[in-house]
Amino acid sequence: MRFPQWLLATVLLCTAQESADFRVSVDLVPVTCAVTGHDGQAVLDMRAEEFVLLDNGKPRQVQYLWHELDAPLTVGLVVDISGSQSQFIREHRRTIAQFLQQVLRPQDQAFLVAVGPGVKLANGLTNSVQDLRAGVERLEPRVMFNPRALSQPEDLGDQCMEPPPAYIAGRRLPPGAIMTNWWCGGTLLWNGIYSSARLETKSVSGRKALVVLTDGLDTGHGLGTHTLNDAIEAAQGADTVVYTIHYAAELPAMLRLGSGTRLRRLATQTGGRAFEDPKGNPSEIFTEIERELRSLYVLAFAAPEKERDGKFHKLEVKSKRNGVTVRARKGYQAVP
């Protein structure tokens, strides 16, 4: 049974302060957005009528506005531990441990994903900092991507974990060696982000984000893996904001070409932000991410049934208030 639109809107407005759960109706499309002023600080007093929301260029009425500073957060931590990031793995462990200590509160929940020649769920969604810290200690390629121990931790998404052939590029690999290069995908970065959004955050309501630590290199192309576009669309479809922290690997310029641009595109298209290497002191970046996550608005609009055509729709969110910038995902899939 489909609710009448006027009744549905009334119910939502009455419960807006209690929950950001939009699953009561397939008609509603949630849009998470960040609002900042000239000084870059969060704007905390926006009203529904001050937002301009365009769906494929057509204005939509904001039927729901949810903004609660102390609401729980759901954060996915996606960590690149591939060969190109080997010099940063120890730092990644410290960075994630600091994030858990600095950002997460008891009501928040998080999960931890390792990316390399495969995608591993080091820790499922939990509010236990102790469990997450244990997952951080496992962020090591020989632990996460050992072909003899595929069941622990859990595989997440498409894998390429078969032992490599005896000869690759004229070199014989020693017994038990872990393949971390081109033959088996090298770095399935986009797979990791795609799987994190589709399998972990899509079913969760409220404020959701992925924080990605990587050099932006994905060497899984041509092996049936997901692309950058797939990763962006998965995050958009899960209404999940992506923040990237770029750790530039010491690789030939040809390999590094465009890596920062790809990460900026991933962040921009999902309503997030791209940060550069914090040089061993990520606390300022975490402060900015937390401040933004805690002040996110969640809007919802109803797309007419005749326009839910299963296609990708461009989405634009602006403000009528002068001097205010709104960042939100750039599109969504109009599911029939």
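Now for a look at the structure at hand. Everything quoted here is computed from the prediction, not taken from an experiment.

### Observations concerning the nonpolar core
So, step 1. Residues Leu77, Ile81, Ile96, Phe99, Leu112, Ile245 and Leu293 are the most contacted members of the largest nonpolar core, which totals 35 residues.
So, step 2. Elements with a minimum of two residues in this core: strand S5 (73-80), helix H2 (89-102), strand S6 (109-115), helix H3 (129-137), strand S11 (207-214), strand S12 (241-246) and helix H9 (283-294).
So, step 3. Not counting chain neighbours up to four residues away, the residues in contact with isoleucine 81 comprise Ile89, Ala114, Val115, Leu139, Glu140, Pro141, Met144 and Phe145.
So, step 4. Ranked by size, the runner-up nonpolar core spans 21 residues in total, among them Val35, Leu299, Phe301 and Ala334.

### Considerations on helix H8 (residues 259-270)
So, step 1. Compared with the 16 Å implied by 1.5 Å per residue over 12 residues, the 17 Å span of H8 between its first and last C-alpha is a close match.
So, step 2. Positive backbone phi, at 90 degrees, marks glycine 271, one or two positions downstream of H8.

### Quick word on the side chain of threonine 201
So, step 1. The residue threonine 201 is located in helix H5 (residues 189-201) in this model.
So, step 2. Setting aside residues up to four positions removed in sequence, threonine 201 forms contacts with Phe111, Ser196, Lys208, Leu210, Ala238 and Thr240.

### Comments concerning H9
So, step 1. With 12 residues, H9 should reach 16 Å at 1.5 Å per residue; the first-to-last C-alpha distance of 16 Å fits that figure.
So, step 2. Within H9 the residues assigned to the buried category are Ile285, Phe286, Ile289, Glu290, Glu292, Leu293 and Arg294.

### Re the packing of aromatic side chains
So, step 1. Under the definition given, this model contains 4 aromatic pairs.
So, step 2. Ring geometry for phenylalanine 99 versus phenylalanine 286: centroids 5.1 Å apart, planes at 85 degrees, classification edge-to-face. Of this pair, phenylalanine 99 sits in helix H2 while phenylalanine 286 sits in helix H9; the two residues are 187 residues apart in sequence, bridging distant segments of the chain.
So, step 3. Residue classification places phenylalanine 99 among the buried residues on the basis of a relative accessible area of 1%.
So, step 4. For phenylalanine 286, a relative accessible area of 1% corresponds to the buried category.
So, step 5. Pairing phenylalanine 301 with tyrosine 332 gives two aromatic rings, centres 5.8 Å apart and planes at 80 degrees, and the pair type is edge-to-face. Of this pair, phenylalanine 301 sits in strand S14 (residues 297-302) while tyrosine 332 sits in strand S17 (residues 331-333), and the two are 31 residues apart along the sequence.
So, step 6. With a relative accessible area of 4%, tyrosine 332 lands in the buried category.

### Thoughts on the packing of H2 against H9
So, step 1. One way to put it is that H2 packs onto H9 with a least axis distance of 10 Å and a crossing angle of 45 degrees. One way to sum up the angle between H2 and H9 is to call them oblique. Crossing handedness for the pair H2 and H9: right-handed. Packed against H2, whose contacting residues are Thr95, Gln98, Phe99 and Gln102, the element H9 presents Ser283, Phe286, Thr287 and Glu290 at the interface.
So, step 2. For the contact of H2 with H9, the residue count by class is 2 nonpolar, 5 polar and 1 charged.

Reading the values: rules and limits
Residues numbered from 1 in each chain as written. Predicted model: local features only at pLDDT ≥ 70, side-chain atom pairs only at ≥ 80, totals over all residues. Heavy atoms only, no water. Core = buried A, V, L, I, M, F, W, Y, C linked by side-chain atoms within 4.5 Å. Buried < 20%, exposed > 50% of the residue type's maximum accessible area, 1.4 Å probe, protein only. Helix = DSSP H or I, 4+ residues; strand = E, 2+ residues; numbered from the N terminus. Contact = heavy atoms within 4.5 Å. Expected span 1.5 Å × (residues − 1). Phe/Tyr/Trp six-rings, centres within 6.5 Å; stacked < 30°, edge-to-face > 60°. Axes fitted to C-alpha atoms, helices over the stretch in contact; angles between N-to-C directions. Parallel < 35°, antiparallel > 145°, perpendicular 65-115°, else oblique. Left-handed = near helix turned anticlockwise from the far one by under 90°. Nonpolar A, V, L, I, M, F, W, Y, C, P; charged D, E, K, R; others polar.

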